[in-house]
Amino acid sequence: GMKTREWFHKAEQFVRSYTGGMAGPDLQRLFDQDARQAYAVVTREHDSREEPEEGFWRALYRARILFLSLSYRLAPPRRFLFVASIVLAAWSLFDLVLGRATTVPPAVPAALAVAGLVFLLLLELADRVVVRDELEVARELQRELLPEDPPELAGYEFAFSYRTANTIGGDYYDFLKLDDGRLVLVIGDASGHGIAAGLLMAVASSTLRLAFDDGDDPAAAADLINRALWRTGGPRAFMTLFCAVLDPATGALQCVSSGHPYPMIRRTDGSIEEIGTGSLPLGIRKQVELPRCEAEIGPGDALLLYTDGMPETVNEAGEAFGFERLRQSLENGGPGQAIHDRIVAEVDCFRGDEPVHDDRSVVVIRRMRPSTGPA
């Protein structure tokens, strides 16, 4: 009748909305790639070398490790609920398999086990929502540390973008205008991912601004950042950094590079020149050598700054994009925004459906040719 058709129509709409955006490969990835990653994350504190080689004992070992790893990541009351639900599920299964006559039907402990696990899932999801909200606040604060608009510098074009692998990233770039009209260019990459990398990025940002409030030497600023990172977290809290002071009138760059991928300058003849010097990342040692370098952006030249997430982007075959492809993309030249868009598009096309594994940033600064007036 009419009511039956209406009910089926509503049921169909619900199924479509509930499964919207899900494709076949997504379901396969859930039991393949996602399952392996989840097991690796949950059990990462256990030594895999202890794992037996035989199939049955290996499965038993993995089940035990998974159970213990999940249990100890729960708060004690939730741990009790988890264990009680597993016991009830096992009780129900044994009664059902053995066909024992009991005063309590097997469906009762099974229902209690399901209810316990669903309630536990509800509690964990609620915690996750709270943490995600807090991470979103942290992400907004981090966005405020990155430039939203290009600096106003006559004769120069700027194009830049930033993509994180997690909610919070460790890449950092900025443009600081000095009182004499020169411009500080900086790009860095903090170790790790997530909150830890974001904190290092924030420390570096505030320290850099403080350093250039009182001076104009990129090496002195990098040294101050190095000491700040060392005091923050020791040798595990480190970041790569390229910092330069640009004289817009001449295009001269006074630079310092600390373990960062060498920036590239595309000359007007299409040749590519790398700038920078080898050095340790900042924060690894209390004192680090910071050799200076010099370069010049000529009229029509384009400077490319980037983090290692660009050349280290991998495709589904595990092949990295690499520095050579990055050079070839830059060689084609064009306006600053066109260079930026082409590099990002080629990296995304190369990556395909592979997830983003590392933060990646790209900054293009192009010095325009002097205007010759109307034709």
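What you are looking at is a predicted structure, and each value in this text was computed from that prediction instead of being measured. Sequence positions are assigned chain by chain, starting from 1 and proceeding in written order. Totals for whole chains, interfaces and linings use every residue, but because this is a predicted model, local features are given only for residues with pLDDT of at least 70 and side-chain atom pairs only at 80 or more, for both listing and counting. Side-chain metrics in this entry use all non-hydrogen atoms of the structure; hydrogen atoms and water are not considered.

1. Some points on the packing of aromatic side chains
So, point 1. Working definition: rings of Phe, Tyr and Trp (its six-membered ring) pair if their centres are within 6.5 Å, and the pair is stacked with planes under 30 degrees apart, edge-to-face with planes over 60 apart, and tilted otherwise. Following the criterion strictly, the structure yields seven aromatic pairs and no others.
So, point 2. Members of the aromatic cluster, each reached through a chain of ring pairs, are Phe158, Phe160, Tyr162, Tyr173 and Phe175.

2. Focus: a nonpolar patch on the surface
So, point 1. Residues qualify for a patch when their relative accessible area is over 30% and they have no salt bridge, like charges being joined within 9 Å and the nonpolar side chains of Val, Leu, Ile, Met, Phe, Trp and Tyr within 5 Å. Note on areas: Shrake-Rupley, 1.4 Å probe, and residue coverage restricted to the protein chains presented here. Salt-bridge detection follows one rule: a side-chain nitrogen of Lys or Arg within 4 Å of a carboxyl oxygen of Asp or Glu. A cluster of nonpolar side chains, contributed by Phe56, Trp57 and Leu60, occupies part of the molecular surface with about 370 Å² of accessible area.
So, point 2. Considering the arrangement of structural elements, one finds phenylalanine 56 in helix α4 (residues 55-72). Only DSSP runs of H or I with at least four residues qualify as helices, and only runs of E with at least two residues qualify as strands; both kinds are numbered from the N terminus onward.

3. Re the side chain of histidine 260
So, point 1. You can see histidine 260 is positioned in the loop between β5 (252-258) and β6 (264-266).
So, point 2. At 2.7 Å, the side chain of histidine 260 forms a polar contact with the backbone oxygen of tyrosine 306.
So, point 3. Note on definitions: a residue-residue contact is assigned when non-hydrogen atoms from the two residues lie within 4.5 Å. Apart from the residues lying within four places of it in its own chain, the contact partners of histidine 260 are Ile187, Gly188, Asp189, Thr240, Leu241, Phe242, Tyr306 and Thr307. Here a polar contact means two N or O atoms within 3.5 Å. Within protein one must be a hydrogen donor candidate and the other an acceptor candidate, and residues neighboring in sequence count only if both atoms are side-chain atoms.

4. Considerations on the sheet that holds strand β10 (residues 360-367)
So, point 1. The strand order across the open sheet formed by five strands is β1-β10-β9-β6-β7, and the pairing between neighbours is antiparallel. This sheet does not close on itself; its edge strands, each paired only once, are β1 (156-163) and β7 (272-274). With strand direction ignored, the average angle separating the axes of adjacent strands in the sheet is 15°.
So, point 2. DSSP calls a pair of strands paired once it identifies at least 2 bridges connecting them. The pairing of strand β9 (residues 302-306) with β10 spans five bridges and is classified as antiparallel. For leucine 305, the partnering residue across the bridge sits in β10 and is valine 363.
So, point 3. Interaxial angles span 0 to 180 degrees and are taken between N-to-C directions of axes, which are lines fitted to C-alpha atoms, for helices over the stretch in contact. The sheet strands contacting helix α9 (residues 322-331) are β6, β7 and β9, and the helix crosses β6 at an angle near 30°.
So, point 4. Helix α10 (residues 336-351) contacts β1, β9 and β10 of the sheet and is inclined by roughly 25° relative to β1.

5. A word on the nonpolar core
For soluble globular proteins, the rule of thumb is that nonpolar side chains tend to be buried together.
So, point 1. Remark: nonpolar core denotes a set of buried residues (Ala, Val, Leu, Ile, Met, Phe, Trp, Tyr, Cys) joined through side-chain atoms within 4.5 Å. Relative accessibility thresholds used throughout: buried, under 20% of the residue-type maximum; exposed, over 50%; partly exposed, between the two (1.4 Å probe, protein chains only). Grouped together as the largest cluster of nonpolar side chains are 28 residues, with contacts concentrated most on Val184, Leu208, Phe212, Ile225, Leu241, Cys243 and Leu282.
So, point 2. Those elements giving two or more residues to this core turn out to be β2 (171-177), β3 (183-190), α7 (194-213), α8 (218-233) and β4 (239-247).
So, point 3. Element by element, the count of residues in this core is highest for α7, at seven residues.
So, point 4. Apart from residues no more than four positions distant in its own chain, isoleucine 225 is found in contact with Ala204, Thr207, Leu208, Met239, Leu241 and Leu282.
So, point 5. Counting 23 residues, the second-largest nonpolar core is a separate cluster that includes Leu153, Leu185, Ile187 and Ile265.

6. Looking at the state of the cysteines
So, point 1. Put simply, a disulfide is two cysteine sulfurs that come within 2.5 Å. Overall, the coordinates contain zero disulfides when judged by the stated rule.
So, point 2. Left without a disulfide partner, cysteine 255 is nearest to the cysteine sulfur of cysteine 293, which lies 3.9 Å away.
So, point 3. Taking relative accessible area as the criterion, cysteine 255 reaches 1% and is therefore assigned buried.

7. Focus: the pattern of salt bridges
So, point 1. Enumeration according to the criterion identifies 16 salt bridges in this entry.
So, point 2. Salt-bridge contacts for aspartate 174 lead to arginine 209; the nearest nitrogen and oxygen are separated by 2.7 Å. Highlighted residues: aspartate 174 in strand β2 and arginine 209 in helix α7, separated in sequence by 35 residues.
So, point 3. Using a relative accessible area of 39% as the deciding quantity, one classes arginine 209 as partly exposed.
So, point 4. Aspartate 216 is paired through a salt bridge with arginine 182; the nearest N and O atoms lie 2.6 Å apart. Taken together, the positions of aspartate 216 in the loop between α7 and α8 and arginine 182 in the loop between β2 and β3 put the pair 34 residues apart, joining distant regions of the chain.
So, point 5. The class for aspartate 216 is partly exposed, based on a relative accessible area of 39%.
So, point 6. Taken together, the shared-partner salt bridges in this structure form one network comprising Arg163, Asp348, Arg351 and Arg360.

Don't take any of this as a statement about function, it's just geometry.
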